[in-house]
Amino acid sequence: PSELGLAGSLRFADVTGLLETLPVGAGAYQVDLSGLGAVDSAGVALILEWRLRLEAAGGTLTITNPPQPLVRLAGIGGVAKLFGLKTNAWGTADA
């Protein structure tokens, strides 16, 4: 797979225009999120939309090292499965 990394923050002010710069193709993409700090619902939406675009093009997205804020938001929002994450009822990662 093509390995990518996102760093910094994925908040509303940060994600505007970012989606158009992310690769979309039929390949397999693995994105390392260990460099992310702050994440809000706009960051979650960005990753979900990227995944949808990849899947529509015949590609796949695998997320590695998601930060706890992303795991929590994905769990609370009910989209953790779409990220390949396992969360508990409080939206935190299961051990």
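Refer to the structure presented above.
Structure report, in brief. Treat the numbers as computed from the prediction; the structure is a model and nothing was measured. (Residues numbered from 1 in each chain as written. Predicted model: local features only at pLDDT ≥ 70, side-chain atom pairs only at ≥ 80, totals over all residues. Heavy atoms only, no water.)

**A short note on the environment of alanine 45**
Consideration 1: When you line up the elements, alanine 45 lands in helix H2 (residues 41-56).
Consideration 2: Taking C-alpha positions, alanine 45 is 9.9 Å from leucine 10, a pair spaced 35 residues apart along the chain. (Helix = DSSP H or I, 4+ residues; strand = E, 2+ residues; numbered from the N terminus.)

**Side note on the side chain of serine 9**
Consideration 1: For serine 9, the location among the structural elements is in strand E1 (residues 2-10).
Consideration 2: At a separation of 2.4 Å, a polar atom in the side chain of serine 9 contacts the side chain of aspartate 14.
Consideration 3: What serine 9 contacts, discounting residues up to four positions off in sequence, is Asp14, Leu36 and Ala38. (Polar contact = N/O pair within 3.5 Å; in protein donor to acceptor, adjacent residues only side chain to side chain. Contact = heavy atoms within 4.5 Å.)

**A look at the pairing of strand E2 (residues 28-39)**
Consideration 1: The pairing of E1 with E2 spans 7 bridges and is classified as parallel. Directly across from glutamate 3, in E2, lies its bridge partner glutamine 30.
Consideration 2: Of the pairings in the sheet, the one linking E2 to strand E3 (residues 60-64) comprises 5 bridges and is parallel in character. Looking at the pairing, tyrosine 29 lines up with leucine 61 of E3.
Consideration 3: Crossover connection from E2 via H2 to parallel E3: handedness right-handed. (Pairing = 2+ DSSP bridges. Right-handed = clockwise from strand over helix to strand, strands pointing away.)

**A short note on the sheet that holds E3**
Consideration 1: Taking strand neighbours across the sheet as the criterion, the 3 strands line up as E1-E2-E3 in an open arrangement whose pairing is parallel. Sheet topology places E1 and E3 at the edges, where each strand pairs with a single neighbour. Between one strand axis and the next, the sheet turns by 30° as a mean value, whatever way the strands run. (Axes fitted to C-alpha atoms, helices over the stretch in contact; angles between N-to-C directions.)

**Observations regarding helix H3 (residues 68-76)**
Consideration 1: Residues Leu70, Val71 and Ala74 constitute the buried set of H3. Buried positions in H3, seen along its axis, are confined to an arc of 100° and lie on one side of it.
Consideration 2: Buried positions along H3 lie against E2 and H2.
Consideration 3: Residue glycine 78 follows H3 closely and has a positive phi angle near 75°. (Buried < 20%, exposed > 50% of the residue type's maximum accessible area, 1.4 Å probe, protein only. Arc of directions from axis to C-beta.)

**A short note on the pattern of salt bridges**
Consideration 1: Taken as a whole and judged by the stated rule, the model has 4 salt bridges.
Consideration 2: Between arginine 53 and glutamate 49 there is a salt bridge; the shortest N-O distance is 3.1 Å. With arginine 53 and glutamate 49 both in helix H2 and 4 residues apart, the pair spans about one turn of that helix.
Consideration 3: Overall, arginine 53 belongs to the partly exposed group, its relative accessible area being 31%.
Consideration 4: The class of glutamate 49 is partly exposed, set by a relative accessible area of 31%.
Consideration 5: When salt bridges with common partners are traced through the structure, they connect Glu20, Glu49 and Arg53 into a single cluster. (Salt bridge = Lys/Arg side-chain N within 4 Å of Asp/Glu carboxyl O.)

Purely geometric stuff here, so don't read any function into it on its own.
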